[in-house]
Amino acid sequence: MAQLVFHHDIEQLKNLPNGVMPVQLYGMGDKNLQIACIGNKILKQVKKLGVAPSDTVMDFLTIALAVTAADTFVLRKDTANGWCRSFSITLPLCQPDIWQANKTHLEQILHFLSGDIWQFNFQAGGKLPPQPYKLSSRAKLVDLRNKDCVCLFSGGLDSAIGAIDLLEQGYSPVLVSHSYKGDKSRQQMIVEKLNQSRYANQFSQFNAIAQPHLNNGGTTEITMRTRSLNFLAFAVISAYALQEVVQEAIDIFVPENGVISINTPLTPRRVGTLSTRTTHPYFIQELQKLFTTVNIPFILKNPYQFKTKGQMIAECANLPLLQQIIPDTVSCSHWKRKNQQCGVCVPCLIRRASLHYANITNDAQYEFNDIRQILIHQDRRDDLFALMSAIHQKNHRNMNQWVLQSGSLPIQQLNQFSDVFMNGLNEVEQLLIVNQIL
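No experiment lies behind these values; they were computed from the predicted model shown.

As for the overall build of the protein chain
Piece 1. For the protein chain, the helix and strand inventory stands at 15 helices and 10 strands.
Piece 2. In terms of C-alpha radius of gyration, the protein chain reaches 22 Å, essentially the compact-globule figure of 22 Å for 438 residues.
Piece 3. In terms of principal-axis extent, the alpha carbons of the protein chain reach across some 65 × 55 × 45 Å.
Piece 4. Every one of the 438 residues in the protein chain was classed for burial, and the buried ones make up 57%.
Piece 5. Here the contacts in the protein chain between residues at least 6 apart in sequence split such that 74% fall between residues at least 24 apart.
Piece 6. For the protein chain, the exposed surface amounts to about 18900 Å²; the carbon and sulfur share of it is 47%.
Piece 7. The average position of the 40 basic charges and that of the 34 acidic charges among the side chains of the protein chain differ by 5 Å.

Written out as structure tokens, the structure reads:
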């Protein structure tokens, strides 16, 4: 079991027993003492919202950062089965009793999200909410005036559609970005094109960087199954500040097409390691229950839960603007390796199929622009073959049973989840037929 001890006071992390990993929250860590760190820049971003978070909201951010650090610093390859890790996390909070009462539920949610075993030991003495910057300070505050919702904004195609549709519907969202290296510039290109449209000054952007750093040159885990928890924590911080400003109930929009959201395993061997659950309906549902119990008063909404990516594009409320933005968006799961979308991973192939469905040819450049070239690269064609296998099976399998392999789903909506998965496979099938692969 990997043991990690977190604290914002670096003095509390010195002289820990051998085998325990010390991680400083909201600080720089210590290279000489091999104390890792996470969240050093977050507090400045929180202060820019102009409102101090509640203790409970601050604790949720602290928990999310600790989970991200553990997920990043402990390698899956070092475990017995090369995948499932066990974590023991000691973490100080502002209100440990509230979270201790809900510890088992939190651990179950995280087990579903990452596939790992989580054990928390919550203690008193957590990082208190920071006092916000004043209007008179040099820091530029996030403009929350006249805003009415929060929307996750990753720089992907789905989040761009989500933002456009909200704006077209008359909302004024705060766009919350989750920036790792290379993300921010892409997100900013999209924002600039939104600003050049008639939406100028109708939304605010809150950008929070939570890139963990070991500071001692250690290798980091790249699977990052828990990244959505961090993203949602930033959204919750933003929603709390907005609610305090406007004194109205605030919704948090999580725009994700239903095919990627349920992420049904395409083949039997993809049931575990290759089936991410970052926006899976069960994860969102259980996190919503946790929010209600600990009194985090925001509703998580995915308006595209039963739409394919192709349907999202075709039905976008401002398609001409979206077409300008599409080349700047990123869908690839591997793009940071070469700073280019590969065109061969499942998200890339679904993206390409969705654009074909919507009759849009203006797209980003891929490492493999010709899909047929994937077939001759033995080490790059696994995802394509998995999709082809699923397409061959889709008319012969029980679709309801198939989508349930990704996790629990509401029985009353099971047919809708099955339909969106089937429609997604149909979109990919049409792309492969046009490219003479099927």
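A few points about the pattern of salt bridges
Piece 1. The tally for this structure, following the rule as stated, stands at 16 salt bridges.
Piece 2. A salt bridge links Lys309 to Asp158; the shortest N-O distance between them is 2.9 Å. Remark: Asp158 occurs in helix 5 (residues 157-168) and Lys309 occurs in helix 10 (residues 309-314); sequence separation between them is 151 residues. Like Asp158, Lys309 is buried.
Piece 3. Note that Lys193 and Asp328 form a salt bridge whose closest N and O atoms lie 2.7 Å from each other. Note that Lys193 is positioned in helix 6 (residues 183-196) and Asp328 in the loop between helix 11 (319-325) and helix 12 (346-357), a separation of 135 residues in sequence.
Piece 4. Its relative accessible area of 24% is what places Lys193 among the partly exposed residues.
Piece 5. Connected through salt bridges with shared partners, the residues Asp71, Arg76, Arg85 and Asp116 form a single ionic network.

Notes on the packing of helix 2 (residues 55-73) against helix 7 (residues 227-246)
Piece 1. In the contact formed by helix 2 and helix 7, the axes pass within 9 Å of each other and the chain directions differ by 165°. When the axis of helix 2 is compared with that of helix 7, the two are roughly antiparallel. Where helix 2 crosses over helix 7, the two elements pack in a sense that is left-handed. Across from Val57, Phe60, Leu61, Ala64, Leu65, Val67 and Thr68 in helix 2, the residues of helix 7 making contact are Leu229, Asn230, Leu232, Ala233, Phe234, Val236, Ile237 and Tyr240.
Piece 2. Classifying every residue of the contact of helix 2 with helix 7 gives 13 nonpolar, two polar and no charged.

Comments concerning the packing of helix 13 (residues 382-393) against helix 15 (residues 414-434)
Piece 1. Running from N to C, helix 13 and helix 15 cross one another at 115°; their axes reach a closest spacing of 10 Å. Here helix 15 runs roughly perpendicular to helix 13, going by the angle between their axes. For the pair helix 13 and helix 15, the crossing hand works out as left-handed. Of helix 15, the residues touching helix 13 (which contributes Leu384, Leu387, Met388, Ala390 and Ile391) are Leu425, Val428, Glu429 and Leu432.
Piece 2. Looking at the contact of helix 13 with helix 15 residue by residue, the classes come out as eight nonpolar, no polar and one charged.

Considering the sheet that holds strand 5 (residues 117-123)
Piece 1. Ordered in space as 3-2-1-4-5, the five strands form an open sheet in which the pairing is parallel. Edge positions in the sheet fall to strand 3 (36-38) and strand 5, since each has one partner strand and no second. Across the sheet, the mean angle from the axis of one strand to that of its neighbour is 25°, orientation sign disregarded.
Piece 2. Bridging between strand 1 (residues 2-7) and strand 2 (residues 20-25) involves five bridges; their strand directions are parallel. Bridged to Val5 within strand 2 is Pro22.
Piece 3. Helix 2 contacts strand 1, strand 2, strand 3, strand 4 (86-92) and strand 5 of the sheet and is inclined by roughly 145° relative to strand 4.

Some thoughts on helix 12
Structurally, the α-helix is built with 3.6 residues per turn, so residues lying three or four positions apart point the same way.
Piece 1. Its 12 residues give helix 12 an end-to-end C-alpha distance of 16 Å, which sits within 8% of 16 Å, the value for a rise of 1.5 Å per residue.
Piece 2. A large share of helix 12 lies buried, amounting to nine of its 12 residues.
Piece 3. Here helix 12 has its buried residues at Val346, Cys348, Leu349, Ile350, Arg351, Arg352, Ala353, Ser354 and Leu355.
Piece 4. Residues of helix 12 that are buried in the fold lie against helix 5, helix 8 (258-262), helix 10, helix 13 and helix 15.
Piece 5. A positive backbone phi angle near 60° is found at Asn359, which sits one or two residues after helix 12.

So, helix 5
Piece 1. With 12 residues, helix 5 ought to run about 16 Å at 1.5 Å a step, and its terminal C-alpha atoms sit 17 Å apart, in line with that.
Piece 2. For helix 5, a buried count of 11 out of 12 residues is recorded, marking the element as mostly surrounded by other parts of the structure.
Piece 3. Of all the positions in helix 5, only Leu157, Asp158, Ser159, Ala160, Ile161, Gly162, Ala163, Ile164, Asp165, Leu166 and Leu167 are classed as buried.
Piece 4. Among the residues trailing helix 5, Gly170 stands out with phi positive, at a value near 95°.

Focus on the side chain of Ser418
Piece 1. Take Ser418: it is sitting in helix 15.
Piece 2. Exposure remark for Ser418: the relative accessible area of 4% places this residue in the buried category.
Piece 3. A distance of 2.4 Å separates the side chain of Ser418 from the side chain of Asn400, its partner in a polar contact.

Considerations on unusual backbone geometry
Piece 1. A positive phi is found at Asn146, a non-glycine position, where the angle reads about 65°.
Piece 2. Mapped onto the elements, Asn146 comes out in the loop between strand 5 and strand 6 (149-152).
Piece 3. Residue classification places Asn146 among the exposed positions, given a relative accessible area of 69%.

Cut-off values and rules
- Residue positions are given per chain, counted from 1 along the sequence in the order it is written.
- Under the rules for a predicted model, residues below a pLDDT of 70 receive no local features and side-chain atom pairs below 80 are neither given nor counted, while totals for whole chains, interfaces and linings still include all residues.
- Hydrogens are left out, water is left out, and the side-chain values use all remaining heavy atoms of the structure.
- Working definition: helices are DSSP H or I runs of at least four residues, strands are E runs of at least two. Numbering for both runs from the N terminus.
- Note that the radius of gyration is over C-alpha atoms, with the globule rule given as 2.2 Å times the number of residues to the power 0.38.
- To sort residues, take the accessible area from a 1.4 Å probe on protein chains only and compare it with the maximum for the residue type: under 20% means buried, over 50% means exposed, and anything in between is partly exposed.
- We call two residues contacting when some pair of their heavy atoms lies within 4.5 Å.
- Residue exposure ignores everything except the shown protein chains as possible cover, and the areas themselves are Shrake-Rupley values with a 1.4 Å probe.
- Only four residue types enter the tally: Lys and Arg on the positive side, Asp and Glu on the negative side; His and the chain ends are excluded.
- To locate a charge, take NZ of a lysine, CZ of an arginine, CG of an aspartate or CD of a glutamate.
- Salt bridge, as used here: a side-chain nitrogen of Lys or Arg that lies within 4 Å of a carboxyl oxygen of Asp or Glu.
- Interaxial angles span 0 to 180 degrees and are taken between N-to-C directions of axes, which are lines fitted to C-alpha atoms, for helices over the stretch in contact.
- Orientation labels follow simple angle bins: below 35 degrees gives roughly parallel, above 145 gives roughly antiparallel, 65 to 115 gives roughly perpendicular, and whatever is left gives oblique.
- Left-handed describes a crossing whose near helix is turned anticlockwise from the far helix through less than a right angle; right-handed describes the clockwise counterpart.
- Each residue receives one of three labels: charged for Asp, Glu, Lys and Arg, nonpolar for Ala, Val, Leu, Ile, Met, Phe, Trp, Tyr, Cys and Pro, and polar for the others, Gly being one of them.
- Any two strands between which DSSP finds at least two bridges are classified as paired.
- The span expected for a helix works out to 1.5 Å for each residue beyond the first.
- Whenever two N or O atoms come within 3.5 Å, that pair is a polar contact, provided that in protein one can donate a hydrogen and the other can accept it, and provided that, for residues adjacent in sequence, both atoms are side-chain atoms.

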